[in-house]
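Given next are the chains, with one letter for each unit.
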Amino acid sequence: MIETKTDIRVRYADTDKMGVVYHSNYAVYFEVGRTEMFREIGMTYDEMEKNNVMLPLVDLHINYKRPARYDDLITVTTTVKELPGVKIRFDYQIHNEEGELLVDGYTTLAFIDMTRNRPMKMPDAIKAKVAPYFE
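What comes next concerns the included structure. Note that this is a predicted model, so its numbers are computed, not measured.

Parameters at a glance
Residues numbered from 1 in each chain as written. Predicted model: local features only at pLDDT ≥ 70, side-chain atom pairs only at ≥ 80, totals over all residues. Heavy atoms only, no water. Core = buried A, V, L, I, M, F, W, Y, C linked by side-chain atoms within 4.5 Å. Buried < 20%, exposed > 50% of the residue type's maximum accessible area, 1.4 Å probe, protein only. Helix = DSSP H or I, 4+ residues; strand = E, 2+ residues; numbered from the N terminus. Contact = heavy atoms within 4.5 Å. Salt bridge = Lys/Arg side-chain N within 4 Å of Asp/Glu carboxyl O. Pairing = 2+ DSSP bridges. Phe/Tyr/Trp six-rings, centres within 6.5 Å; stacked < 30°, edge-to-face > 60°. Lys NZ or Arg CZ within 6 Å of the ring centre and 35° of its normal.

Residues Tyr 29, Phe 38 and Ile 94 are the most contacted members of the largest nonpolar core, which totals 31 residues. At the level of secondary structure, the elements contributing two or more residues to this core comprise strand 1 (2–9), helix 1 (25–40), helix 2 (45–50), strand 4 (73–80), strand 5 (87–95), strand 6 (101–110) and helix 3 (124–130). Excluding anything up to four places from it in sequence, Phe 38 contacts Met 43, Tyr 45, Met 48, Leu 55, Ile 88 and Phe 90.

Written out as structure tokens, the structure is:
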């Protein structure tokens, strides 16, 4: 299993007139969590794309529990629980500084061969970085 934590300060631009984070911004926070997870294991989206691999989002699910507000420091916990194949699922929890669960959810992304524009199994270069977490 892979698990990382990423802290994000809620910007004013992320909130609505009521001062709470606008609902679609949680999808952005999920993206920050997963890109930082890849960075922590030694792989970036840029490197994947240079190797003709892209990871489009195919599924997004968000459960809203409590609102985050302007200037809150939130922590995105990103987890991959199963060794990926053609798809990779990321689970998320977002907590505030008090440890309260604000949001949880998941995304599923598919490995796509950019040359053929077709699904592919997780490339060996990525698997080499990911597999040790599942041994």
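Having seen it, we continue.
What follows is about the pattern of salt bridges. Throughout the structure, instances matching the rule amount to six salt bridges. For Glu 36, the salt bridge is made with Arg 39, and the minimal N-O distance between the two is 3.4 Å. With Glu 36 and Arg 39 both in helix 1 and three residues apart, the pair spans about one turn of that helix. According to the relative accessible area criterion, Glu 36 is partly exposed, its value standing at 25%. Taking the shortest distance from any N to any O, the salt bridge between Glu 100 and Arg 66 comes out at 3.3 Å. Highlighted residues: Glu 100 in the loop between strand 5 and strand 6 and Arg 66 in the loop between strand 3 (57–64) and strand 4, separated in sequence by 34 residues. A relative accessible area of 45% means that Arg 66 is categorised as partly exposed.

Our focus in this paragraph is unusual backbone geometry. Here the phi dihedral of Asn 52 falls at roughly 60 degrees; this positive angle occurs in a residue that is not glycine. Secondary-structure assignment places Asn 52 in the loop between helix 2 and strand 2 (53–54). With a relative accessible area of 37%, Asn 52 lands in the partly exposed category. A positive phi angle, near 55 degrees, is found at Asn 117, a position not held by glycine. Locating Asn 117 in the fold gives a position in the loop between strand 7 (112–113) and strand 8 (118–119). The class of Asn 117 is exposed, set by a relative accessible area of 54%.

By the criterion of burial, strand 4 is predominantly enclosed, with seven of the eight residues buried. The sheet contact formed by strand 1 and strand 4 spans eight bridges and is antiparallel. Counterpart to Ile 8 in the pairing with strand 4 is Ile 74. Looking at chain direction, strand 4 and strand 5 are connected through five bridges and run antiparallel. When the bridges of strand 5 are listed, Thr 78 appears paired with Tyr 92. Between the antiparallel neighbours strand 4 and strand 5 lie six residues.

This part covers the packing of aromatic side chains. Using the criterion set out here, one finds seven aromatic pairs in the structure. Note on Tyr 26 and Tyr 64: the rings are 5.6 Å apart at their centroids and 70 degrees apart in plane angle, and the pair reads as edge-to-face. With Tyr 26 in helix 1 and Tyr 64 in strand 3, this pair connects stretches of sequence that are 38 residues apart. A relative accessible area of 44% places Tyr 64 in the partly exposed class. Centroid distance Phe 38 to Tyr 45: 5.6 Å. Interplanar angle 75 degrees. Geometry classified as edge-to-face. Ring pairing ties together the aromatic residues Phe 30, Phe 38, Tyr 45, Phe 90 and Tyr 92, which thus form one cluster. Here the basic side chain of Arg 89 rests over the ring of Tyr 106, its NZ or CZ set 3.8 Å away from the ring centre.

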